Structure formats: structure tokens, C-alpha cells
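In case you want the letters, here they are:
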Amino acid sequence: MPDYYKLLDIPRDASDNDIKKAYRKKALQWHPDKNPERKKYAEQKFKEVTEAYEVLSDSKKLPGSVCPISLPLPLSLPGYIINILMCMTVLLFYIILNFR
């Protein structure tokens, strides 16, 4: 699974607005009409950037996305369950270590 944040050159804590701005910038940069000399490569990069935007803009609305750690797991129900369990484990250790 590609690192969508890296594709858009944004930090992992980017807001929805930052994600949208970065997508527009990269979409213009890699639009095939703007790169006629490297059309095939530009098409591939444009598709990757579009996929990154779609995934990041949707994943912000899902419940498992508020965890400070984000595992590069598939975007499926088992992936989100594992991510939520990892978040709960990290939170539990934080509470145990700081409130003993």
C-alpha cells in the first residue's frame, strides 16, 4: 500500500483543507495534458495522486482514523479493527505508565 501522505507531500496530521490543497497542486502538476512529453508517466502519477486524495478524504470520516498511530493496513474492516485495537493498547499503556 503506497504512503498516501508522501504522495501528496503532507504531514500525517494534515487537515481536510490541507489534503484538498495538496491534491489540487499535485493534480495540476501531474495532469497528462500538462505533461505531453511524458504522458504515460503523468497519467500514472495523476491516478496515484487521485487515489491518495480519495483514500485520505474518506478515511478522515471513519472512526478508527483519530488514533495518533496509524498502521499501514488495508482499508478494510479487519484493518480498521486492528488499528482500533492498537490505539486502545497504546492508550492503555499510556494510562498505566503515567498514573501509577
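In what follows, the accompanying structure is described. Source: prediction; values computed, not measured.

**What to know about the packing of aromatic side chains**
Argument step 1. In total, this model carries 2 aromatic pairs according to the counting rule given.
Argument step 2. Residues Tyr23 and Tyr53 carry aromatic rings whose centres are separated by 4.4 Å and whose planes lie at 20° to one another, so their mutual orientation is stacked. Residue Tyr23 is found in helix H2 (residues 16–30), and its partner Tyr53 is found in helix H3 (residues 39–59); the two are separated by 30 residues along the sequence.
Argument step 3. Where Trp30 meets Tyr41, the ring centres are 5.4 Å apart and the plane angle is 80°; that geometry is what we call edge-to-face. Of this pair, Trp30 sits in helix H2 while Tyr41 sits in helix H3, and the two are 11 residues apart along the sequence.
Argument step 4. With a relative accessible area of 44%, Tyr41 lands in the partly exposed category.

So, how was this worked out
Residues numbered from 1 in each chain as written. Predicted model: local features only at pLDDT ≥ 70, side-chain atom pairs only at ≥ 80, totals over all residues. Heavy atoms only, no water. Phe/Tyr/Trp six-rings, centres within 6.5 Å; stacked < 30°, edge-to-face > 60°. Helix = DSSP H or I, 4+ residues; strand = E, 2+ residues; numbered from the N terminus. Buried < 20%, exposed > 50% of the residue type's maximum accessible area, 1.4 Å probe, protein only.

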